[in-house]
Amino acid sequence: PKTAADLRTELSRLAKARPDALYILGIGPAVALAYRQARELGLELPMYSVLTCSQGNVIPNARGAADGVSALEVSPPPRLTGWSQVLTKVLERYP
């Protein structure tokens, strides 16, 4: 959730499954929170995200927990109109 304050329950459940990597998708402060809490729980595994999850204040708010995260660039299909306007509004609302 975009207003999440604690993702440790979900992250602990994921850790028990012993994943090879963690893919974090979200917007705003919840992304930085997920990075930080994953590291706090000792999840030292590759983390992936989309490029928009690394924009705005996400990286500074992660306080070093985003170090090593690979950001993938996802391009919408060419026929999807209005995508850039939607992305602009999301990034304005969740800097």
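Bear in mind that the values here come from a model prediction, so they are computed numbers and not experimental data.

Conventions and cut-offs
The numbers attached to residues start from 1 for each chain and follow its sequence in the written order. Only residues with pLDDT of at least 70 get local features here, since the model is predicted, and only at 80 or more are side-chain atom pairs given and counted; chain-wide, interface and lining totals rely on the full set of residues. To get the side-chain values, all heavy atoms of the structure are used, and hydrogens and water are removed first. Each nonpolar core is a collection of buried residues, namely Ala, Val, Leu, Ile, Met, Phe, Trp, Tyr and Cys, held together in the definition by side-chain atoms within 4.5 Å. Note on classification: 1.4 Å probe, protein chains only; a residue is buried when its accessible area is under 20% of the maximum for its type, exposed when over 50%, partly exposed between these limits. Secondary structure counts use DSSP, requiring at least four H or I residues in a row for a helix and at least two E residues in a row for a strand, with both numbered from the N terminus. Contact definition: two residues touch when any of their heavy atoms are within 4.5 Å. Any pair of N or O atoms that falls within 3.5 Å is considered a polar contact. Within protein, one atom must be able to donate a hydrogen and the other to accept it, and sequence-neighbouring residues count only if both atoms are side-chain atoms. Each patch is assembled from residues with relative accessible area greater than 30% and no salt bridge, linking like charges that lie within 9 Å and nonpolar side chains (Val, Leu, Ile, Met, Phe, Trp, Tyr) that lie within 5 Å. With residues, only the protein chains shown are counted as cover, and all accessible areas are computed by Shrake-Rupley using a 1.4 Å probe. Should a side-chain nitrogen of Lys or Arg be within 4 Å of a carboxyl oxygen of Asp or Glu, the pair is scored as a salt bridge. The span expected for a helix works out to 1.5 Å for each residue beyond the first.

> Could you clarify how one ought to interpret the nonpolar core in this entry?
A general trend in soluble globular proteins is that nonpolar side chains are found buried together. Counting 18 residues, the largest nonpolar core has L11, L22, I24, Y35, A38, L43 and M47 as its most contacted members. Secondary structure elements with two or more residues in this core: strand 1 (22-24), helix 2 (29-40) and helix 3 (58-62). The dominant element in this core, judged by the number of residues it contributes, is helix 2, at six residues. Every residue in contact with L11, bar those within four places of it in the chain, is listed here: L22, A34, Q37, A38, L41 and L43.

> Just to check I follow, could you spell out the side chain of S49 for this structure?
The residue S49 is located in strand 2 (residues 47-50) in this model. A distance of 3.0 Å separates a polar atom in the side chain of S49 from the backbone oxygen of I24. In terms of polar contacts, S49 uses its side chain to reach the side chain of Y35, at 3.2 Å.

> How do you make sense of a nonpolar patch on the surface when you look at a structure like this?
On the surface, a cluster of nonpolar side chains totalling about 320 Å² of accessible area is made up of Y23, L25 and Y48. Topologically, Y48 is positioned in strand 2.

> I keep staring at unusual backbone geometry and nothing clicks. Help me out?
The backbone of R18 sits at a positive phi, close to 50°, despite the residue not being glycine. Along the polypeptide, R18 turns up in the loop between helix 1 (8-16) and strand 1.

> What is the right way to look at helix 2 in this model?
In an α-helix, one turn spans 3.6 residues; hence positions three or four apart end up facing the same way. Across its twelve residues, helix 2 extends 16 Å between first and last C-alpha, which sits within 8% of the 16 Å expected from 1.5 Å per residue. Of all twelve residues in helix 2, ten are buried, a share of seventy percent or more. For helix 2, the complete set of buried residues consists of A30, V31, A32, L33, A34, Y35, R36, Q37, A38 and R39. Where helix 2 is buried, its residues meet helix 1, strand 1, strand 2 and helix 3. The positive-phi residue at the C-terminal boundary of helix 2 is G42, with phi of around 85°.

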